[in-house]
Amino acid sequence: MHFKNPEILYFLFLLIVPILVHLFQLRRFKTSYFTNVRFLKELSIQTRKSSKIKKRLLLATRLLLLTCIIVAFAQPFFEAKDSKNASNEMYIILDNSFSMQAKGKKGELLKRSVQELLENTPENIQFSLLTNTENFWNTDIKSSKSALQNLNYSATPFELSIIMAKIKAHKTAQKKDIVIITDAVSLSEKDIQNIDSEQKPYFIIPEAEQKNNISIDSVFINQSLENFYEISVNLSAYGEDFKPVQTSLYNQNKLIAKTIINFDSKKKKINFTIPKEAFHGYVTIEDNGLAYDNKLFFSISKAKKTNIISIGEPEKSNFLSRIYTSSEFNYNNYSISSLDYNSLEKQNTIILNELTEVPQALQTTLKSFVSKGGNLVVIPSEKISISNLNSFLENFGRLQFKRFKAGSKLVTKINFDHPLFSGVFENKITNFQYPKTNSSFDISSPYPAVLSYEDQSIFVTMIPNPVSGVSVFSAPINSVNSNFQQSPIIVPLFYKMGQNNQKTGVNALTIGNNLPYFVDVLLSKDAILEVKGNDDSFIPIQQILNNKVKLTFNDFPETAGNYGIFDKKESVEKVSFNYKRSESDLSQVNTNIVSDFKTADTISTIFNTLQTDRTDNQIWKWFVIFALLFLALEMAIIKFVK
């Protein structure tokens, strides 16, 4: 037992006062007998004995009464088993990602979690509230009530390690109690392993009852016909036993197509045919699962001719003019001696066709060209300096050319999953006419091959770039060294390498990807571009690059939808934004990874546990009660004991 005011116990010396009073009352007196009371002697002896008992009882009750009063003022208590953490600061991490749209027993998981916080958090408790995107430091439930009630679902996925790092960086003198409320869809073992051993958080994991969900993953142009686009929509089903789902296609909020999908497999692709013109709309499904992935916004710009030039000897570039026809491309060929460097900035794709050397000035220009979203294709010459070629390719990645070897090799393998062949083949083919090369370079590359030789070495590869592509051949493809120009596969390969997907494909950006976007517009020095939607607008980070503007959107916009890029009031380009599809699979929850931590069903359970474990057992009130009882007992003894 402990005392808050132990110095009060010195007053126990006052217990000597009633003892002295009692002893004073027991002084001996000389007895004188009178004749008329002699017959009362026996009765007198009995009365004297009764008086002694009464006085002793009063002494005992007064001693106990005074003792209880003194001890009560000293405030005794039994120390709580976790009292050393009673001053800990409270941090509540609330997952407001889209997976929390799932429905539990009492409604949507996020809305129910917010309601429990509002109902069960004590008003006198200070805490900090952290969500996927917002932080409310050192607040209380009254102050944060409005923010909680207006909390929206976030396009930013739940990343526990980042939020825990914020808490760790928030330096305080006290230890920290951390409560994590999440459905654990985005929780990984790495997140758990990175938790500081001193910070043992409490987990509340609300469980979804409905885990079936269908997601629209992507939209792309499957085929470009003379007057129509055939667009494909990829969907994924998570769960089991799906009913037929209605899928609709809208252009400018106008319904233009509708179909029913039966999910006989987890992945499904459906096709729509639309006129070959500008498109600014969305595809949507009716699904009882999560709502955020039921709609995918996309735009298709009005078809424009793609500007392509090849640099090399004209006789070796004739085959390109048959691929890049005037109906879709503005194609030109220049020798290195007649090349106008100023024209390179206006191109979408540049092909280096068997140059014997890449001049330093051209290397610098092409590095800038690729960084601004241009495509580059490199076809080596057998006479080129390997050191010159490697120093040039170092500007784009870790691909390196090695020695040039003679020897006939067949091109036998197609990487059907590579973006260059997206939408090219309906089925994986194996019986095509294999092209060959008579000599080739060995290539050291960490990047996947687009086309491979029979010995698994690389024939064509692509150095990945967020906004463009650098495609590299390992051998010259002139008619002397190869019959590749007669192979049917050359047409879709060069067609795809020549296209700029930002301008000729489906435009469906992902919020938070931070990939640069290039707009073909000539702006004055002080002009700025603004992105506008139906309900909101924002000004992205932008950089003027001659006849282009480089835009970086970061985490904007906050809401998925169709937007327009404007120069003042003039529309420059249409663009669409969508949420990441990273939380569509509700079955990926693994609650076992938090088995080493304390868990609870509700926030009230945690608050009650902390209060019980950290609140001292105050017993001074019992001493006050005992003091009152002894006082009542003393009054009873005085009144009833004779």
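Our subject is the structure that appears above.
We now turn to the structure provided with this report. (Residues numbered from 1 in each chain as written. Predicted model: local features only at pLDDT ≥ 70, side-chain atom pairs only at ≥ 80, totals over all residues. Heavy atoms only, no water.)

**A word on the overall build of the protein**
- Helix and strand counts for the protein stand at 13 helices and 36 strands.
- Burial statistics for the protein: of 642 residues in total, 45% are counted as buried.
- Considering only residue pairs separated by 6 or more positions, the protein has 70% of its internal contacts joining residues 24 or more positions apart.
- Counting every atom, the protein has about 34800 Å² of accessible surface; 51% of that belongs to carbon and sulfur. (Helix = DSSP H or I, 4+ residues; strand = E, 2+ residues; numbered from the N terminus. Buried < 20%, exposed > 50% of the residue type's maximum accessible area, 1.4 Å probe, protein only. Contact = heavy atoms within 4.5 Å. Areas by Shrake-Rupley, 256 points an atom, 1.4 Å probe, with all protein chains shown as cover.)

**A word on the sheet that holds strand 34 (residues 570-578)**
- With mixed pairing, five strands are arranged side by side in an open sheet as 27-34-33-29-30. Looking at which strands have only one partner, the edges of the open sheet turn out to be strand 27 (509-510) and strand 30 (537-538).
- As paired elements, strand 27 and strand 34 share two bridges and run parallel to each other. Counterpart to Leu509 in the pairing with strand 34 is Phe577. (Pairing = 2+ DSSP bridges.)

**As for helix 8 (residues 360-371)**
- With twelve residues, helix 8 should cover 16 Å at 1.5 Å per step; its first-to-last C-alpha distance of 17 Å lies within 8% of that length.
- Within the span of helix 8, buried status applies to Leu362, Gln363, Leu366, Phe369 and Val370. Down the axis, helix 8 shows its buried residues gathered within 125 degrees of arc, on one side only.
- Summarising the contacts, the buried residues of helix 8 are in contact with strand 17 (306-312), strand 19 (349-353), strand 20 (375-379), helix 9 (386-393) and strand 25 (469-473).
- Positive phi appears at Gly373, one or two residues downstream of helix 8, with a value of about 100 degrees. (Expected span 1.5 Å × (residues − 1). Arc of directions from axis to C-beta.)

**A short note on unusual backbone geometry**
- The linkage connecting Phe556 with the following residue, Pro557, adopts the cis geometry, with an omega of -5 degrees.
- Note that Pro557 resides in the loop between strand 32 (548-552) and strand 33 (561-567).
- Notably, Gln456 is not glycine yet its phi reads approximately 75 degrees, a positive angle.
- Relative to the helices and strands, Gln456 resides in the loop between strand 23 (449-453) and strand 24 (458-464).

**Section: the side chain of Ser584**
- Relative to the elements of secondary structure, Ser584 occurs in the loop between strand 34 and strand 35 (598-600).
- Classification of Ser584 as buried rests on a relative accessible area of 1%.
- At a separation of 3.5 Å, a polar atom in the side chain of Ser584 contacts the side chain of Ser215.
- Only 3.1 Å separates the side chain of Ser584 from the side chain of Tyr292, close enough to count as a polar contact.
- Apart from the residues within four sequence positions on either side, Ser584 is in contact with Asn213, Ser215, Tyr238, Leu290, Tyr292 and Asp293. (Polar contact = N/O pair within 3.5 Å; in protein donor to acceptor, adjacent residues only side chain to side chain.)

**Observations regarding the pairing of strand 29 (residues 529-532)**
- Side chains Leu529 and Val531 of strand 29 all project onto a buried face; the interleaved residues Glu530 and Lys532 project onto a face where none is buried.
- Pairing of strand 29 with strand 33, which is carried by four bridges, proceeds in the antiparallel orientation. Each residue of the ladder has a partner; that of Lys532, found in strand 33, is Gly564.
- Strand direction decides the pairing type here: strand 29 and strand 30, joined by two bridges, are antiparallel. Bridging across to strand 30, Val531 finds its partner in Phe538.
- Counted along the chain from strand 29 to the antiparallel partner strand 30, the turn is four residues long.

**Some thoughts on the packing of aromatic side chains**
- Enumeration according to the criterion identifies 27 aromatic pairs in this entry.
- A centroid spacing of 4.5 Å and a plane angle of 50 degrees characterise the contact between Phe98 and Tyr579, whose relative ring orientation is tilted. Residue Phe98 is found in the loop between strand 3 (89-94) and strand 4 (103-104), and its partner Tyr579 is found in the loop between strand 34 and strand 35; the two are separated by 481 residues along the sequence. Per residue, the accessibility class of Phe98 equals that of Tyr579, and both read buried.
- Ring geometry for Tyr563 and Phe577: centres 5.5 Å apart, planes at 85 degrees, overall edge-to-face. With a gap of 14 residues between them, Tyr563 in strand 33 and Phe577 in strand 34 connect regions that are remote in the sequence. (Phe/Tyr/Trp six-rings, centres within 6.5 Å; stacked < 30°, edge-to-face > 60°.)

**Here we look at helix 5 (residues 160-169)**
- Along helix 5, the residues that are buried comprise Leu160, Ile163, Met164 and Ile167. Down the axis of helix 5, the buried side of the element spans an arc of 100 degrees, and every buried residue falls inside it.
- Residues of helix 5 that are buried make contact with strand 3, strand 6 (127-130), strand 8 (176-181), helix 6 (189-193) and strand 9 (202-204).

**Topic: the nonpolar core**
- Counting residues in each nonpolar core, the largest one holds 50 residues, and the members touching the most others are Ile92, Leu94, Val179, Leu529 and Ile565.
- Other than its neighbours up to four places away in sequence, Ile92 contacts Leu117, Phe127, Ser128, Leu129, Leu130, Val179 and Ile181.
- Counting residues in hydrophobic clusters, the runner-up holds 30 residues, among them Phe319, Leu320, Leu451 and Met497. (Core = buried A, V, L, I, M, F, W, Y, C linked by side-chain atoms within 4.5 Å.)

**Observations concerning a nonpolar patch on the surface**
- A grouping of Phe11, Leu14, Ile16, Val17, Ile19, Leu20, Val21 and Leu23 is seen on the molecular surface, where their side chains present a nonpolar patch of about 690 Å² in accessible area.
- Structurally, the position occupied by Val21 is in helix 1 (residues 16-25). (Patch = residues over 30% accessible without salt bridge, like charges linked within 9 Å, V, L, I, M, F, W, Y side chains within 5 Å. Salt bridge = Lys/Arg side-chain N within 4 Å of Asp/Glu carboxyl O.)

**Notes on the sheet that holds strand 8**
- The sheet built from six strands is open, its strands ordered 7-6-3-8-9-35 with mixed pairing. Since the sheet does not close on itself, it has two edges, and those belong to strand 7 (135-139) and strand 35, each with one partner. Neighbour to neighbour, the strand axes of the sheet diverge by 20 degrees on average, direction disregarded.
- Direction of pairing for strand 6 relative to strand 7: antiparallel, over a ladder of three bridges. Note on strand 7: the bridge partner recorded for Leu129 is Phe136.
- Its contacts with the sheet put helix 3 (residues 109-120) on strand 3 and strand 8, and the angle it makes with strand 3 is roughly 160 degrees.
- With respect to the sheet, helix 5 is in contact with strand 3, strand 6, strand 7, strand 8 and strand 9, its orientation differing from that of strand 8 by roughly 155 degrees. (Axes fitted to C-alpha atoms, helices over the stretch in contact; angles between N-to-C directions.)

**Side note on the pattern of salt bridges**
- Scanning the model with the defined rule gives eight salt bridges in all.
- We note a salt bridge from Glu207 to Lys211, for which the minimum N-O separation is 4.0 Å.
- When its relative accessible area of 60% is taken as the criterion, Glu207 is described as exposed.
- Salt bridges sharing common partners tie together Arg403, Lys405 and Asp442.

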